[in-house]
Protein chains: 2
Amino acid sequence: MPRYTKTDFPVDNVRRFLEPGPIVLVSSAHRSETNIMTMGWHMIMEFQPSLIGCYIWDANHSFELIRRSRQCVINVPTVELAPTVVKIGNSSGRNIDKFAEFGLTPTPGEQVRAPLIEECYANFECHLVDSSLIRKYSLFVLEVVKAHVAASPKYPKTIHYRGDGEFMISGENTRKYRKLFKPEML
Amino acid sequence: MPRYTKTDFPVDNVRRFLEPGPIVLVSSAHRSETNIMTMGWHMIMEFQPSLIGCYIWDANHSFELIRRSRQCVINVPTVELAPTVVKIGNSSGRNIDKFAEFGLTPTPGEQVRAPLIEECYANFECHLVDSSLIRKYSLFVLEVVKAHVAASPKYPKTIHYRGDGEFMISGENTRKYRKLFKPEML
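The rules behind the values
- Residues numbered from 1 in each chain as written.
- Chains lettered and ligands numbered in written order.
- Predicted model: local features only at pLDDT ≥ 70, side-chain atom pairs only at ≥ 80, totals over all residues.
- Heavy atoms only, no water.
- Helix = DSSP H or I, 4+ residues; strand = E, 2+ residues; numbered from the N terminus.
- Rg over C-alpha atoms; globule rule 2.2 N^0.38 Å.
- Buried < 20%, exposed > 50% of the residue type's maximum accessible area, 1.4 Å probe, protein only.
- Contact = heavy atoms within 4.5 Å.
- Areas by Shrake-Rupley, 256 points an atom, 1.4 Å probe, with all protein chains shown as cover.
- Lys, Arg positive; Asp, Glu negative; His and termini not counted.
- Charge placed at Lys NZ, Arg CZ, Asp CG, Glu CD.
- Core = buried A, V, L, I, M, F, W, Y, C linked by side-chain atoms within 4.5 Å.
- Phe/Tyr/Trp six-rings, centres within 6.5 Å; stacked < 30°, edge-to-face > 60°.
- Least-squares fit on C-alpha atoms with pLDDT ≥ 70 in both.
- Pairing = 2+ DSSP bridges.
- Axes fitted to C-alpha atoms, helices over the stretch in contact; angles between N-to-C directions.
- Buried area = accessible area lost by both parts, 1.4 Å probe.
- Salt bridge = Lys/Arg side-chain N within 4 Å of Asp/Glu carboxyl O.
- Polar contact = N/O pair within 3.5 Å; in protein donor to acceptor, adjacent residues only side chain to side chain.

Draft legend 1. View of the overall build of chain A. Per the secondary structure count, chain A includes five helices and twelve strands. For chain A, whose C-alpha radius of gyration is 16 Å, the value lies close to the compact-globule estimate of 16 Å for 186 residues. Seen through its C-alpha atoms, chain A measures out along the principal axes to roughly 50 × 35 × 35 Å. Taken across its 186 residues, chain A has 58% of its residues classed as buried. Taking all contacts inside chain A whose residues are at least 6 apart in sequence as the whole, residues at least 24 apart take part in 65%. In the structure as shown, chain A presents an accessible area of about 7,700 Å², 48% of it carried by carbon and sulfur atoms. Each charge class in chain A was averaged separately, 23 positive and 20 negative side chains, and the resulting centres sit 3 Å apart.

Okay, here's the thing in structure tokens:
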């Protein structure tokens, strides 16, 4: 299991790690229960406030925990956690405690009761700020209120789902196209 | 410029190419005008119908073309097109014809008037099916009505934006975690 030393990160720049489209783990807590789910359907919706839209199926056990507590944590796992990510997505919190079952360490958040997953590269504490699209689209609009990111490496090796059990692993990171940007577009 | 031979692809499986989170090019047409924009904020929202949510800023010239025509094409570029993708994102269709300026070939769609970009790996013809979230969130809910995907390679080498002029290039593709899935989760 990877161990990362994390520091505070500006909430309005979480696109750095989410816009490339990695699979994430969403942790939640409500009353005495906690859970973790695997999520691939998410997008940045705004910088300030730092909004993220994500699809959570109502058959997922996490659906009610997040809807009722109005909180969750988006955790960014790296490739070492890939088998765990798959196992989390293929089991239900109705039957097991996923932290215990998969040997993950819950860490207290600062702004939410939902636990952070210590073994992930980054943890984004979120409030549910708009629940009006849940019924029609299963769309949760979240605001990142606190971000913790590993001090190193600079670029996490993330996993990206293609469906049918296939993943793309993130590759090279490059600044070589940066000179083609207008200053105001950076 | 890459040249791809494309075949029809099932619209309910476009997640294969969009869920990993690549930067895409969105082409549009309204009356006598066409345009192309670069887009990084998008997510899968449903398989059947094949729904995609995407954020289009109202300052983009494409915003009105798509809102009024209620159509567009999502094109998936590969790494060879990276400089073109950046230049498209750093110029405005108010001033130039981006197809001509960047040497891209418009190809007729089957279900939409918006042109497909021939040099892209995949082209997804879309209808705007819900415009009710545009005012509040700049969120366009699109339905993919026709999909064209290159016959080879099996996995495109896509580009994923991190902000600040930096990109991640897609890396290895793997089926090695597939055995950890329950059959009904594939």
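Draft legend 2. Quick look at the nonpolar core. Judged by nonpolar contacts, the single largest core of 78 residues is most densely connected at L18(A), I74(A), F124(A), F140(A), L18(B), F124(B) and F140(B). Here F124(A) is in contact with V14(A), F17(A), L18(A), C72(A), V73(A), I74(A), V76(A), V144(A), K146(A), A147(A), H148(A) and V149(A), once residues within four sequence places are set aside. Residues I36(B), V85(B), I88(B) and I159(B) belong to the second largest nonpolar core, which totals 20 residues.

Draft legend 3. Representation of the packing of aromatic side chains in the model. One pass over the structure, following the stated rule, counts 20 aromatic pairs over all chains. Pairing F167(A) with Y177(B) gives two aromatic rings, centres 6.0 Å apart and planes at 80°, and the pair type is edge-to-face. With F167(A) in strand β12 (residues 166-174) and Y177(B) in the segment after β12 (166-174), this pair bridges two chains. One exposure class covers both F167(A) and Y177(B), and it is buried. An angle of 40° between the planes, with centres 6.4 Å apart, marks the rings of F181(A) and F167(B) as tilted.

Draft legend 4. Spatial organisation of the relation of the copies chain B and chain A. Rotating chain B by 180° and moving it 0.0 Å along the rotation axis overlays it on chain A with an RMSD of 0.0 Å. Taken together, the rotation and translation describe the operation of a two-fold axis. Comparing contact sets, 100% of the residues at the interface of chain B also lie at the interface in chain A, consistent with an isologous, same-surface contact.

Draft legend 5. View of the sheet that holds β12(B). Ordered by their spatial adjacency, four strands build an open sheet running β11(A)-β12(A)-β12(B)-β11(B), and the pairing between neighbours is antiparallel. Unpaired on one side and paired on the other, β11 (159-163) of chain A together with β11 (159-163) of chain B mark the two borders of the sheet. Sheet twist, expressed as the mean angle between neighbouring strand axes with direction ignored, is 40°. Bridge count between β11(B) and β12(B): four bridges; the pairing is antiparallel. Bridge assignment links I159(B) to a residue of β12(B), and that residue is I169(B).

Draft legend 6. Just the interface of chain B and chain A, in detail. Listed by partner, the interface residues are 59 residues for chain B and 59 residues for chain A. Carbon and sulfur atoms supply 57% of the area buried between chain B and chain A, which totals about 5,600 Å² over both sides. The largest share of the area that chain B buries against chain A comes from W41(B), N90(B) and R162(B), three residues that together contribute 15% of it. Linking chain B to chain A there are twelve salt bridges. Ionic pairing is found between R175(A) and E166(B), a salt bridge with its closest N-O pair at 2.3 Å. At the boundary of chain B with chain A, the tally comes to 28 residue pairs in polar contact (both at pLDDT 80 or more). If you list the elements that add at least two residues to the side of chain B that touches chain A, you get α1 (15-18), β4 (42-46), β5 (51-55), α3 (82-89), α5 (134-137), β10 (139-150), β11 and β12 of chain B.

Draft legend 7. Helix α2 (residues 61-69) of chain B, seen in detail. Residues and elements named next belong to chain B. Listed in full, the buried residues belonging to α2 are H61, S62, F63, L65, I66 and S69. The secondary structure elements touched by the buried residues of α2 are β2 (24-30), β3 (33-39), β6 (71-76), β9 (122-130), α5 and β10. Backbone geometry just downstream of α2 places R70 in the positive-phi region, at approximately 55°.

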